[in-house]
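Given next are the chains, with one letter for each unit.
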Amino acid sequence: MNNFINIKDISSKNLRKILIDAKRRKLKRKKLKTLESDLGQPLRGKLLIQMFEKSSLRTRLSFYLAIRQLGGSALTLRPDELHLSKGGESISDTAKILSTYGDIFMLRTDSEKKLVSFKKNLSIPLINGLSPLSHPAQILSDIFTIEEITKKNISKLNICWIGDTNNVLNSLIEASIKFSFKLNIGCPKNYHLSKDILNQIKKNKKTIKTFNNPKKAIKNADVVLTDKVISMNDKVNKKKKIKDFLQFKITSKLMSLSKNAYLLHCLPRGNEVSDEVFYGNRSKVWQQAYNRIHVQKSILLFCLGKLR
Ligand code: CP
Ligand code: NVA
């Protein structure tokens, strides 16, 4: 059994295996309807329990469909309906019950500590469906989309992030190290990365560069990724932060400084990208969102030791 908590903890070989499996599965189900299972139903009889402490549309639906297409079922828990959030039951007891009833647990949490505590107490695999510090399932799926739209191995591409120093960026940085792709980060001064991420960057100076000027960051980019300026539960002065990021808005003018780059955005969206770019023909955000299903199927198989 394997956990899927942070990209940095998974070998490059296994990450690549997940992507290869996802590509194969996506191709094979071209003629199948949404709820029809993949041939062989590799997760028949398995239950995915998923819990969201923060809002979610895509992660919730894509994990539900992922397990269904593999022949299993999903149960979504609302934390406010559990004894856990009302203070009546510990994480360790909750985790024991989840491990007794379920086969795999996917958690979107507002606390890194909870993730660690669930990991310690579960005896079934744990998937991180977004935490304050990372969003690994999103980024692995984005690598899949990037290779699909460019038809190139990501190690041959220049990737650019324009936006906040948040959970999604942290996972992108970890992916840049694992998949050896060049990453330019454009964000305003005073928006710092965590110590752990900075240490990872220090060891990879040649491939990861940070800029406080979006025009410099976007130069030569093949793909530009971004995310909301204000993340869920972001405890900041929102007015100030939005103002600080005004120069970093992705407009057609800014995009014209790249090599005709594609735009990706994990969604939901705020004001960080203009309508013209977001709905324009270089934007691949809908394909990106849809691919979550395919990659997460292979993540589930990886976690349950069933990746071919
Ligand atoms: N991108 C993403 O994780 O979307 P949701 O918050 O809707 O799950
Ligand atoms: N950075 C965003 C990602 C949402 C999918 C957040 O944490 O709210």
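Calculation rules
- Residues numbered from 1 in each chain as written.
- Chains lettered and ligands numbered in written order.
- Predicted model: local features only at pLDDT ≥ 70, side-chain atom pairs only at ≥ 80, totals over all residues.
- Heavy atoms only, no water.
- Near = heavy atom within 4 Å.
- Polar contact = N/O pair within 3.5 Å; in protein donor to acceptor, adjacent residues only side chain to side chain.
- Areas by Shrake-Rupley, 256 points an atom, 1.4 Å probe, with all protein chains shown as cover.
- Nonpolar A, V, L, I, M, F, W, Y, C, P; charged D, E, K, R; others polar.
- Phe/Tyr/Trp six-rings, centres within 6.5 Å; stacked < 30°, edge-to-face > 60°.
- Buried < 20%, exposed > 50% of the residue type's maximum accessible area, 1.4 Å probe, protein only.
- Lys NZ or Arg CZ within 6 Å of the ring centre and 35° of its normal.
- Helix = DSSP H or I, 4+ residues; strand = E, 2+ residues; numbered from the N terminus.
- Arc of directions from axis to C-beta.
- Contact = heavy atoms within 4.5 Å.
- Pairing = 2+ DSSP bridges.
- Axes fitted to C-alpha atoms, helices over the stretch in contact; angles between N-to-C directions.
- Core = buried A, V, L, I, M, F, W, Y, C linked by side-chain atoms within 4.5 Å.
- Parallel < 35°, antiparallel > 145°, perpendicular 65-115°, else oblique.
- Left-handed = near helix turned anticlockwise from the far one by under 90°.

What follows covers the site of ligand 2. Within the structure, ligand 2 sits among Leu130, His135, Asn166, Asn167, Val168, Asp227, Ser231, Met232 and Leu267. Between ligand 2 and the protein, one listed contact pairs a nitrogen atom with a side-chain N or O atom of Ser231 at 2.7 Å. Between an oxygen atom of ligand 2 and a main-chain N or O atom of Met232, the distance comes to 2.8 Å. In the complex, the protein chains occlude 95% of the 270 Å² of accessible area that ligand 2 would expose alone. Across the shell around ligand 2, the residue classes break down as four nonpolar, four polar and one charged.

In total, this model carries five aromatic pairs according to the counting rule given. An angle of 80° between the planes, with centres 5.7 Å apart, marks the rings of Phe278 and Trp286 as edge-to-face. Overall, Phe278 belongs to the buried group, its relative accessible area being 3%. Members of the aromatic cluster, connected to one another through ring pairs, are Tyr191, Phe245 and Phe248. Geometry around Phe278 places Arg269 over its ring, the cationic atom sitting 4.2 Å from the centre. Over the ring of Tyr262 we find Arg282, and its NZ or CZ is 4.2 Å from the ring centre.

A separate point is the site of ligand 1. Residues in close proximity to ligand 1 include Ser55, Ser56, Leu57, Arg58, Thr59, Arg108, His135, Gln138, Cys266, Leu267 and Arg292, which together make up its full environment. One nitrogen or oxygen atom from the side chain of Arg58 is found 2.9 Å from an oxygen atom belonging to ligand 1. Side-chain polar atom of Thr59 to an oxygen atom of ligand 1: 2.7 Å apart, as the coordinates give it. Partitioning the shell around ligand 1 into residue classes produces three nonpolar, five polar and three charged.

What follows is about helix 3 (residues 91-101). All of the buried residues along helix 3 are Ile91, Thr94, Ala95, Leu98 and Ser99. The buried residues of helix 3 all sit within an arc of 135° when viewed along its axis, so they share a single face. Those residues of helix 3 that are exposed and aimed more than 90 degrees away from the buried face are Thr100 and Tyr101.

Attention now moves to the side chain of Asp164. Inspection of the secondary structure puts Asp164 in the loop between strand 5 (158-162) and helix 6 (167-179). Residue classification places Asp164 among the buried positions, given a relative accessible area of 4%. Polar side-chain contacts of Asp164 include one of 2.7 Å to the side chain of Lys241. With residues near it in sequence (within four places) discarded, Asp164 still touches Leu169, Tyr191, Lys228, Val229, Asp234, Lys241 and Phe245.

Time to look at the sheet that holds strand 2 (residues 73-77). Read across the sheet, four strands follow the order 2-1-3-4 without closing on themselves; strand pairing throughout is parallel. In this open sheet, the two strands that pair with only one neighbour each are strand 2 and strand 4 (126-128). Along the sheet, successive strands turn relative to each other by an average axial angle of 20°, direction set aside. Pairing of strand 3 (residues 104-108) with strand 4, which is carried by three bridges, proceeds in the parallel orientation.

Turning next to the nonpolar core. By size, the foremost hydrophobic cluster in this structure holds 55 residues, and its most contacted members are Phe4 and Leu300. Per-element tally for this core: the top contributor is helix 5 (residues 136-150), with seven residues. Once residues lying within four places of it in the same chain are set aside, the contact partners of Phe4 are Ile10, Ile18, Leu126, Ile127, Asn128, Pro136, Ala137, Leu140, Ile299, Phe302 and Cys303. Ala221, Leu263, Val273 and Val277 belong to the second largest nonpolar core, which has 21 residues in total.

This brings us to the packing of helix 1 (residues 12-28) against helix 12 (residues 285-303). Interaxial distance between helix 1 and helix 12 falls to 8 Å at its minimum, and their mutual angle equals 125°. For the element pair helix 1 / helix 12, the angle class is oblique. Along this stretch, helix 1 crosses helix 12, giving a crossing that reads as right-handed. Every residue of helix 12 that contacts helix 1 at Asn14, Ile18, Asp21, Ala22, Arg25 and Lys26 is listed here: Asn291, His294, Val295, Lys297, Ser298, Ile299, Leu301 and Phe302.

Sheets are built from strands paired through backbone hydrogen bonds, the pairs being either parallel or antiparallel. An order of 7-6-5-8-9 is seen for the five strands of this open sheet, with the pairing classed as parallel. Of all the strands in the sheet, the pair left with one neighbour each is strand 7 (208-211) and strand 9 (262-265). Along the sheet, successive strands turn relative to each other by an average axial angle of 20°, direction set aside. Helix-sheet contacts for helix 5 involve strand 5, strand 8 (223-226) and strand 9, and the interaxial angle to strand 9 is about 160°.

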